[in-house]
Amino acid sequence: MNDKRLNRMRTGKGFIAALDQSGGSTPKALKAYGIDESAYKNDEEMFYLVHEMRTRIITSPEFTSDNILGAILFEQTMARYIDGRYTGDYLWDVKGILPFLKIDQGLADLNMGVQLMKEMPLLDTLLARAVERNIFGTKMRSVIKEANKEGIRAVVDQQFEIAKRVYEAGLIPIVEPEIDINIPDKQEAEAILKDELVRALGEYSDILVMFKLTLPNEENLYEDLLKNEQVVRIVALSGGYSREVANHKLASNRGLIASFSRALVEGLNANQSEEEFNEMLGHSIDDIAKASNK
């Protein structure tokens, strides 16, 4: 593990930009950006357009290491180039921003109130490619739909089993057990999740991890997890909250920094001039960084 990069993630100011929309979420992301499905005929054209969108964000003069610690990439983005460099290399070598890779292959069907990750039969190959492409860490997402202790334990167990493989490959895993912000028993689910994360840290005491967690109903719920030396950082997902609401909730949770996707790109449009685009992106970045660096 590169000590310089690890120390940057442990102590640096700013937040993590989530630019990892994939599969079914890509058309939605493009539509929000002002590109309708009629603009592309197949997946290849769709992913080309979304890479253009991500490239515009990453190369913007507003997208700098002053406020951004890392960026989460989709697998195809990792394999593509920006200004003649692989995306991960461009992020670190040119921008000083740590590249992460989304490694999950989507969600399984709902069971026990949760959606586990689908099987990842090619995980070892993907991790080897990530190391080759100078990626710093990975991210993998599960979803919790109710306060079901058995289901939440299954989510945490699966996440940590994969996290151990990621860490042993030389990468820092982001464990993301997202709790749906709309469920009626969200606060109860958060309490169960916290207990399960503490248990898993004890069982996997030989690895370092990051957590990406839904902004909690109870302020500072996860603060004591930050005192665990295994936990490199805790980042918060916006989970469908608007940028304004997400930033307000984030600012109320000491030690948490943002890892926003929709809240980051809110208001960006393919038809904006470079000046308009950069101004909007800069405003979003400043707001999120302020809430992260409280």
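Residues numbered from 1 in each chain as written. Predicted model: local features only at pLDDT ≥ 70, side-chain atom pairs only at ≥ 80, totals over all residues. Heavy atoms only, no water.

Colleague: Describe the overall build of the protein chain, listing the residues and the values that go with them.
Modeller: A tally of regular secondary structure across the protein chain gives 11 helices and 11 strands. In terms of overall dimensions, the protein chain is globule-like: its C-alpha atoms have a radius of gyration of 18 Å, near the 19 Å expected for 294 residues. Its C-alpha atoms give the protein chain principal-axis dimensions of roughly 50 × 40 × 40 Å. In the protein chain, which comprises 294 residues, the proportion classed as buried is 56%. Long-range contacts, defined as pairs at least 24 residues apart, comprise 72% of the intrachain contacts of the protein chain with a sequence gap of at least 6. Entry remark: accessible area of the protein chain is about 12,900 Å², with carbon and sulfur atoms responsible for 45%. Side chains of the protein chain give 36 positive and 47 negative charges; the mean places of these two sets differ by 2 Å. (Helix = DSSP H or I, 4+ residues; strand = E, 2+ residues; numbered from the N terminus. Rg over C-alpha atoms; globule rule 2.2 N^0.38 Å. Buried < 20%, exposed > 50% of the residue type's maximum accessible area, 1.4 Å probe, protein only. Contact = heavy atoms within 4.5 Å. Areas by Shrake-Rupley, 256 points an atom, 1.4 Å probe, with all protein chains shown as cover. Lys, Arg positive; Asp, Glu negative; His and termini not counted. Charge placed at Lys NZ, Arg CZ, Asp CG, Glu CD.)

Colleague: Would you mind going over the pattern of salt bridges in detail, with residue names and values included?
Modeller: Following the criterion strictly, the structure yields 19 salt bridges and no others. Between arginine 133 and glutamate 132 there is a salt bridge whose closest N-O contact spans 3.9 Å. Residue classification places arginine 133 among the buried residues on the basis of a relative accessible area of 18%. Assessed through its relative accessible area of 54%, glutamate 132 is described here as exposed. Taking the shortest distance from any N to any O, the salt bridge between lysine 186 and glutamate 190 comes out at 2.5 Å. (Salt bridge = Lys/Arg side-chain N within 4 Å of Asp/Glu carboxyl O.)

Colleague: Can you break down the side chain of arginine 5 residue by residue, with the values?
Modeller: The residue arginine 5 is located in helix H1 (residues 3-11) in this model. Summary of buried charges: arginine 5 has no salt-bridge partner, and the nearest side chain of opposite charge, aspartate 89, is 6.9 Å away.

Colleague: Residues and numbers for helix H3 (residues 43-58), please.
Modeller: End to end, H3 covers 22 Å across 16 residues, agreeing with the expected 22 Å (1.5 Å per residue, within 8%). Every buried residue of H3 is listed here: Met46, Phe47, Leu49, Val50, His51, Met53, Arg54, Thr55, Arg56, Ile57 and Ile58. Where H3 begins, the capping side chain belongs to asparagine 42, and its oxygen is found 3.2 Å from the backbone nitrogen of glutamate 44. (Expected span 1.5 Å × (residues − 1). Polar contact = N/O pair within 3.5 Å; in protein donor to acceptor, adjacent residues only side chain to side chain.)

Colleague: An account of a negative patch on the surface is needed here, citing residue identities and associated values.
Modeller: A cluster of acidic residues, Glu62, Glu275, Glu276, Glu279 and Asp286, forms a negative patch on the protein surface. Following the sequence through the fold, aspartate 286 ends up in helix H11 (residues 274-292). (Patch = residues over 30% accessible without salt bridge, like charges linked within 9 Å, V, L, I, M, F, W, Y side chains within 5 Å.)

Colleague: Report on the nonpolar core, specifying residues and quantitative values.
Modeller: Counting residues in each nonpolar core, the largest one holds 82 residues, and the members touching the most others are Phe15, Phe63, Ile103, Phe160, Leu193 and Phe211. In this structure, isoleucine 103 is in contact with Met120, Leu123, Leu126, Leu127, Thr138, Lys139, Met140, Ile162 and Val166, ignoring residues within four places of it in sequence. If you look at the next biggest cluster of nonpolar residues, it comprises 16 residues, including Ala18, Phe100, Ile174 and Met210. (Core = buried A, V, L, I, M, F, W, Y, C linked by side-chain atoms within 4.5 Å.)

Colleague: Explain unusual backbone geometry residue by residue, including any values.
Modeller: For aspartate 83, which is not glycine, the phi torsion reads 50° and is therefore positive. Relative to the helices and strands, aspartate 83 resides in the loop between strand S3 (81-82) and strand S4 (85-86). Backbone geometry at methionine 112 places phi at a positive 55°, although glycine is not the residue there. In this structure, methionine 112 sits in the loop between strand S5 (98-102) and strand S6 (114-115). On the accessibility criterion, methionine 112 (27% relative accessible area) is partly exposed.

Colleague: Hey, could you go over the packing of aromatic side chains for me, with residue numbers and the actual values?
Modeller: Within the structure shown, the criterion is met by 5 aromatic pairs. Relative to tyrosine 86, the ring of tyrosine 81 has its centre 4.5 Å away and its plane inclined at 25°; by these criteria the two rings are stacked. Classification of tyrosine 81 as partly exposed rests on a relative accessible area of 46%. Where phenylalanine 160 meets phenylalanine 211, the ring centres are 6.2 Å apart and the plane angle is 55°; that geometry is what we call tilted. Here phenylalanine 211 lies in strand S9 (residues 209-214) and phenylalanine 160 lies in helix H7 (residues 149-168), a separation of 51 residues in the sequence. Aromatic ring contacts, followed pair by pair, group Phe160, Tyr204 and Phe211 into a single cluster. Here arginine 5 stacks its cationic end above the ring of tryptophan 92, 5.6 Å away from the centre of that ring. Seen from the ring of tyrosine 86, arginine 133 lies directly overhead, with NZ or CZ sitting 3.5 Å from the centre. (Phe/Tyr/Trp six-rings, centres within 6.5 Å; stacked < 30°, edge-to-face > 60°. Lys NZ or Arg CZ within 6 Å of the ring centre and 35° of its normal.)

Colleague: Quick rundown of the environment of serine 142? Include the residues and the values.
Modeller: Checked against the element boundaries, serine 142 lands in strand S7 (residues 137-144). With relative accessibility at 0%, the residue serine 142 sits in the buried group. For serine 142 and valine 156, which are 14 residues apart along the polypeptide, the C-alpha to C-alpha distance reads 8.9 Å. Looking at serine 142, its side chain comes within polar contact range of the side chain of glutamine 159, at 2.9 Å.

Colleague: Talk me through the environment of glycine 255; I want residue IDs and the actual numbers.
Modeller: Position of glycine 255 relative to the elements: it lies in the loop between helix H9 (243-251) and strand S11 (257-258). Judged by its relative accessible area of 37%, glycine 255 falls in the partly exposed class.

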